[in-house]
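Descriptive analysis of the structure
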Amino acid sequence: PSLIREIYVEVPEVHWDDIGGLEDVKQQLREAVEWPLKHPEVFESMGIRPPKGILLFGPPGVGKTLLAKAAATESGANFIAVRGPEILSKWVGESEKAIREIFRRARQVAPTIIFFDEIDAIAPARGMRHDTSGVTDRIVNQLLTEMDGIVPLQNVVVIAATNRPDILDPALLRPGRFDRLIYVPPPDKKARLEIFRIHTRKMPLADDVDLEKLAEMTEGYTGADIEAVCREAAMIALREAIQKGQGLKPQPVRMEHFLKALKAVPPSL
Ligand code: ATP
């Protein structure tokens, strides 16, 4: 069976304005990924090289995957998402080959963004490696070889994400590899308001819903937490209608539903 069929190429549909806050990060990705993928000739004429690899780091649930997808959508690029742990579990004994095939497929369907989530799982620093078989060494070496082989402005960009940049093999961070490090912070109040707006865009909200107030009350909530709060509030509204014997029908979501949802979904930070 060919590995190549298992490599799933998608065209995401996430736009920059589906992401709340993170204006600086979005701008950096526009410049480092979108501009060179869309207009390589301009970079050529300016005599500058865009980065081959970008490392997004920050706590879980703050939108790293979303950012990588938006970079692909907005650049008109294909997207290959690979989770670090999957390279080890899904392709036991074939992990190096998997890395090779991922890059080969990416070149085939270029322009492509390859997204390695939880990259620390496949490329931990030497002292953090637990295997004695040398599998990790070989995977890291294959990844470095592929990154070194990327020809700038040939339409393959690698974005990786981790919560633990401190445990990564430093060889990954050398020039020409993941040489752009971008911190993705948890949302501040203004960003939380934007995230609430995004995740209630299609929700029938009652007039008493005060998203500003909710943004204020959700210090320590990530974007993923806020999405969960919005979903839970809507579910509470539905359950309430069922209890009242009104049947399963769309319901306005009220402030009290959100307040109950906040109790059910604790902040992850
Ligand atoms: P992990 O490290 O766990 O993979 P992550 O940083 O990649 O987390 P995402 O997977 O991008 O986080 O976020 C999970 C979900 O949370 C997203 O699909 C989205 O619905 C919501 N979310 C997170 N951050 C934001 C944000 N800034 N704006 C809007 N939605 C967000």
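Note: the structure precedes this text.
In this report, the structure presented in the accompanying data block is examined.

A cluster of nonpolar side chains, namely V42, M46 and I48, defines an oily patch on the protein surface of about 300 Å² accessible area. Note that V42 resides in helix α3 (residues 40-46).

Attention now moves to a negative patch on the surface. A cluster of acidic side chains, namely D207, D208, D210 and E212, defines a negative patch on the protein surface. Here D207 lies in the loop between α8 (189-199) and α9 (211-217).

Glancing now at the pairing of strand β5 (residues 156-162). For β5, the tally of buried residues reaches seven of seven residues, placing the bulk of the element in the interior. What you see with β5 is no split at all: V156, V158, A160 and T162 on one side and V157, I159 and A161 on the other are buried throughout. Here strand β2 (residues 53-57) pairs with β5 via five bridges, running parallel. Among the inter-strand pairings, G53 is bridged to a residue of β5, identified as V158. By the bridge criterion, five bridges tie strand β4 (residues 112-117) to β5 in an arrangement that is parallel. The residue of β5 that forms the bridge with I114 is V158.

A few words now on the sheet that holds strand β1 (residues 9-10). Sheet strands line up and pair through hydrogen bonds in the backbone, either parallel or antiparallel. Ordered in space as β1-β3-β4-β5-β2-β6, the six strands form an open sheet in which the pairing is mixed. Both edges of this open sheet fall to β1 and β6 (178-183), since each of them pairs with a single strand only. Note: strand β3 (residues 78-83) against β4, six bridges, orientation parallel. Residue N78 lies in a different strand from β4, and its bridge partner there is T112. Running at roughly 145 degrees to β6, helix α2 (residues 23-38) makes contact with β2, β4, β5 and β6 of the sheet.

All right, on to the site of the ligand then. Taken together, 18 residues form the shell around the ligand, and within it G20, G61, K64, T65 and E227 come nearest. For the ligand, the protein covers 80% of the area, taking 630 Å² as the surface of the free molecule. Of all the secondary-structure elements, those providing two or more residues to the shell around the ligand are α4 (64-75), α8 and α10 (223-243).

Turning our eyes to something else, we now look at the side chain of E74. The residue E74 is located in helix α4 in this model. Buried and without a salt bridge, E74 has K38 as its closest oppositely charged side chain, separated by 5.6 Å. Leaving out residues up to four positions away in the same chain, E74 has contacts with H15, W16, E34 and K38.

Turning our eyes to something else, we now look at the pattern of salt bridges. As a working rule, side chains carrying opposite charge can pair if their charged atoms are close by. As enumerated under the stated definition, the model contains 20 salt bridges in all. For R177, the salt bridge goes to D148, with nearest N and O atoms at 2.9 Å. A residue pair is termed long-range when its members are at least 10 positions apart, and R177 in the loop between β5 and β6 and D148 in helix α7 (residues 135-149) qualify at 29 residues. Here R177 falls in the buried class, since its relative accessible area comes to 14%. The partly exposed category is assigned to D148, whose relative accessible area is 41%.

Thresholds, definitions, all that
Residues numbered from 1 in each chain as written. Predicted model: local features only at pLDDT ≥ 70, side-chain atom pairs only at ≥ 80, totals over all residues. Heavy atoms only, no water. Patch = residues over 30% accessible without salt bridge, like charges linked within 9 Å, V, L, I, M, F, W, Y side chains within 5 Å. Areas by Shrake-Rupley, 256 points an atom, 1.4 Å probe, with all protein chains shown as cover. Salt bridge = Lys/Arg side-chain N within 4 Å of Asp/Glu carboxyl O. Helix = DSSP H or I, 4+ residues; strand = E, 2+ residues; numbered from the N terminus. Lys, Arg positive; Asp, Glu negative; His and termini not counted. Charge placed at Lys NZ, Arg CZ, Asp CG, Glu CD. Buried < 20%, exposed > 50% of the residue type's maximum accessible area, 1.4 Å probe, protein only. Pairing = 2+ DSSP bridges. Contact = heavy atoms within 4.5 Å. Axes fitted to C-alpha atoms, helices over the stretch in contact; angles between N-to-C directions. Near = heavy atom within 4 Å.

That's the geometry; what it means functionally is another story.
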